[in-house]
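Structural characterization, general
Letter by letter, the chains look like this.
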Amino acid sequence: MVFPLCSRRWTQWGGPHHGPLQEAGEMHVDLSEVKPELVLESEGKPRVYRVHLPGAGSFHCSETELGFEVRAAVTIQYGYNSWDGHLSASEKQQWMVAGLLFNIRVEPTGAMAVVHLPHFLYLRDADNSRMQIAHFIDEGMTMENPTQVRSFHAVLENPSFSPIGVIWRRENSDQRTQIHSIVLLYQAQKRVNLTLYLYLIPDDGSRVKAVEVYEEKCRSWFVSKSHFTSKPLCFGSRCIVSSPSEITVTPKEPPFLDKTAEALQPFTEIHTKDVKEELELSLVEKKDGKPIWEAVIRPEDLTPSVSSIKM
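Residues numbered from 1 in each chain as written. Predicted model: local features only at pLDDT ≥ 70, side-chain atom pairs only at ≥ 80, totals over all residues. Heavy atoms only, no water.

**Quick notes on the overall build of the protein**
Along the backbone of the protein there are four helices and 24 strands. By the burial criterion, 49% of the 311 residues in the protein qualify as buried. Element-wise, carbon and sulfur atoms account for 50% of the exposed surface of the protein, whose accessible area totals about 15000 Å². (Helix = DSSP H or I, 4+ residues; strand = E, 2+ residues; numbered from the N terminus. Buried < 20%, exposed > 50% of the residue type's maximum accessible area, 1.4 Å probe, protein only. Areas by Shrake-Rupley, 256 points an atom, 1.4 Å probe, with all protein chains shown as cover.)

**Notes on the confidence of the model for the protein**
With 85% of its residues at a pLDDT of at least 70, the protein reaches an overall mean of 85. Confidence, expressed as mean pLDDT per element, reaches its minimum in the protein at helix H1 (residues 10-13) with 39 and its maximum at strand S13 (residues 153-157) with 97. With pLDDT under 50 throughout, residues 306-311 is counted as low confidence; its partners more than four residues away or in other chains account for 13 contacts. (pLDDT = per-residue confidence, 0-100. Contact = heavy atoms within 4.5 Å.)

**Brief notes about the sheet that holds strand S16 (residues 181-187)**
Taken in spatial order, the five strands of this open sheet run S18-S16-S17-S22-S21, and their pairing is antiparallel. Sheet topology places strand S18 (221-222) and strand S21 (248-250) at the edges, where each strand pairs with a single neighbour. Here two bridges tie S16 to S18, and the two strands are oriented antiparallel to one another. Counterpart to Gln-187 in the pairing with S18 is Trp-221. Where helix H3 (residues 205-217) meets the sheet, its contacts fall on S16 and strand S17 (194-202), and the angle it forms with S17 comes to roughly 160°. (Pairing = 2+ DSSP bridges. Axes fitted to C-alpha atoms, helices over the stretch in contact; angles between N-to-C directions.)

**A look at the pattern of salt bridges**
It is possible for side chains bearing opposite charge to pair when their charged atoms get close. Within this structure, the stated rule accounts for 14 salt bridges. The salt bridge partner of Glu-171 is Arg-169, with a shortest N-O separation of 3.1 Å. Take Glu-171: its relative accessible area is 34%, and that puts it in the partly exposed class. For Glu-285, the salt bridge identified is with Lys-231, shortest N-O distance 2.9 Å. With Glu-285 in strand S23 (residues 279-285) and Lys-231 in the loop between S18 and strand S19 (233-234), this residue pair connects regions lying 54 residues apart in the sequence. Residue classification places Glu-285 among the buried residues on the basis of a relative accessible area of 3%. We classify Lys-231 as partly exposed; its relative accessible area is 26%. Bridged by salt links that share partners, the residues Lys-231, Glu-285, Lys-287 and Asp-288 form one connected network. (Salt bridge = Lys/Arg side-chain N within 4 Å of Asp/Glu carboxyl O.)

**Details of the sheet that holds S23**
Spatially, the three strands line up as an open sheet ordered S20-S23-S24, and their pairing is antiparallel. With partners counted over all chains shown, the strands left at the sheet margins are strand S20 (239-242) and strand S24 (290-297), one partner each. On average, each strand axis in the sheet is inclined to that of its neighbour by 15°, with strand direction left out of account. Looking at chain direction, S20 and S23 are connected through four bridges and run antiparallel.

**Some words on the environment of Asp-258**
Here Asp-258 lies in the loop between S21 and strand S22 (268-272). The class of Asp-258 is partly exposed, set by a relative accessible area of 33%.

**Describing the layout of surface pockets**
Taken as a whole, the second largest pocket spans an internal volume of roughly 190 Å³. As for the second largest pocket, its lining consists of 13 residues, and the residues nearest its centre are Asp-125, Ala-126, Arg-176, Thr-177 and Gln-178. Taken together, the residues of the lining of the second largest pocket sort by class into five nonpolar, three polar and five charged. (1 Å grid on protein atoms, 1.4 Å probe; cavity = no way out; pocket = protein on both sides within 12 Å on 5 of 7 lines; lining within 4 Å. Points joined across faces, edges and corners; volume = space filled by probe spheres on them. Nonpolar A, V, L, I, M, F, W, Y, C, P; charged D, E, K, R; others polar.)

**Structural notes on the nonpolar core**
Counting residues in hydrophobic clusters, the biggest one holds 55 residues, and the most contacted among them are Ile-76, Tyr-78, Ile-104, Leu-121, Leu-196, Leu-283 and Trp-293. The element that contributes the greatest number of residues to this core is strand S7 (residues 95-107), accounting for six residues. Apart from the residues within four sequence positions on either side, Trp-293 is in contact with Val-183, Leu-185, Leu-198, Ser-226, His-227, Phe-228, Leu-281, Ser-282 and Leu-283. Within the second largest apolar cluster, eleven residues are counted, among which are Ile-182, Leu-184, Ala-188 and Tyr-199. (Core = buried A, V, L, I, M, F, W, Y, C linked by side-chain atoms within 4.5 Å.)

**Comments concerning the packing of aromatic side chains**
To describe a pair of aromatic rings, one takes the distance between the centres and the angle between the planes. Per the counting criterion, the structure on display carries nine aromatic pairs. On the numbers, 5.5 Å between centres and 55° between planes, the contact of Phe-68 with Tyr-78 is tilted. With Phe-68 in strand S5 (residues 67-70) and Tyr-78 in strand S6 (residues 74-80), the pair connects residues that are ten residues apart, well separated along the chain. On the accessibility criterion, Phe-68 (0% relative accessible area) is buried. On the basis of an interplanar angle of 55° and a centroid distance of 4.9 Å, the ring pair of Tyr-197 and Phe-267 is categorised as tilted. Highlighted residues: Tyr-197 in strand S17 and Phe-267 in the loop between S21 and S22, separated in sequence by 70 residues. Classification of Tyr-197 by relative accessible area gives buried; the value is 14%. Residue classification places Phe-267 among the partly exposed residues on the basis of a relative accessible area of 29%. (Phe/Tyr/Trp six-rings, centres within 6.5 Å; stacked < 30°, edge-to-face > 60°.)

Following this line, the structure appears as structure tokens:
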């Protein structure tokens, strides 16, 4: 099951607004949306996409949030790679993964003028000099400064391509690094009662896909609700799931954790016997008691086996 997860990053492209507006004073960049061809999808391996761009212009991928500015007609093939397979233990102590790692191939190679690499950092009042573009070659990791840092992308002019992605230099104040976050909600396959799995993860396409693949194997049902939290979070933040209905929540205070896409993403189990007309849920950050996400789940949002239950 593939579900449409509209990204707040689209506000940069002039598309529908689903999340916080871009930073004040940030120059608007108009990139036409392209839907890529899926050229490879196999069990346990990342998807590989391809686009044929007919001529010079600016484009963004509807599936991966990559942006391209090209000088001429070009074929671009790309997909996700694994940070765990490239970053050493010592490098992970110095650098925090800040976005997706991509494999990108361009033909002809000189046609790519600019690439926009997605990141999930909330950068207001942050020191953007801590952001680097990581390349992985035979000799190991090399880094270069982005040409420009935007709210949801790092921009790199005249790029060269090996496995490439955005990283963030760690400092003692890293607990205050803020992260754009999203909530995904799934309904477990149950005969009676209602069990939901709530994921609170960074706004990172590879982790979203990892959750989707895992829950698809479990034959769960995606509950389509607003994905975006109302504010950024810091890794380690603790949240509380609340509802006016009687619910059982495990764990009671789920933390916001930094788990790579290769790891099992942590989730909160929500169980209730009472469906009735609707179920109100909210996610509250423990430190200030303010809700960061809210949803109302109605019978039509659920699979028939649960929504048809008469309580």
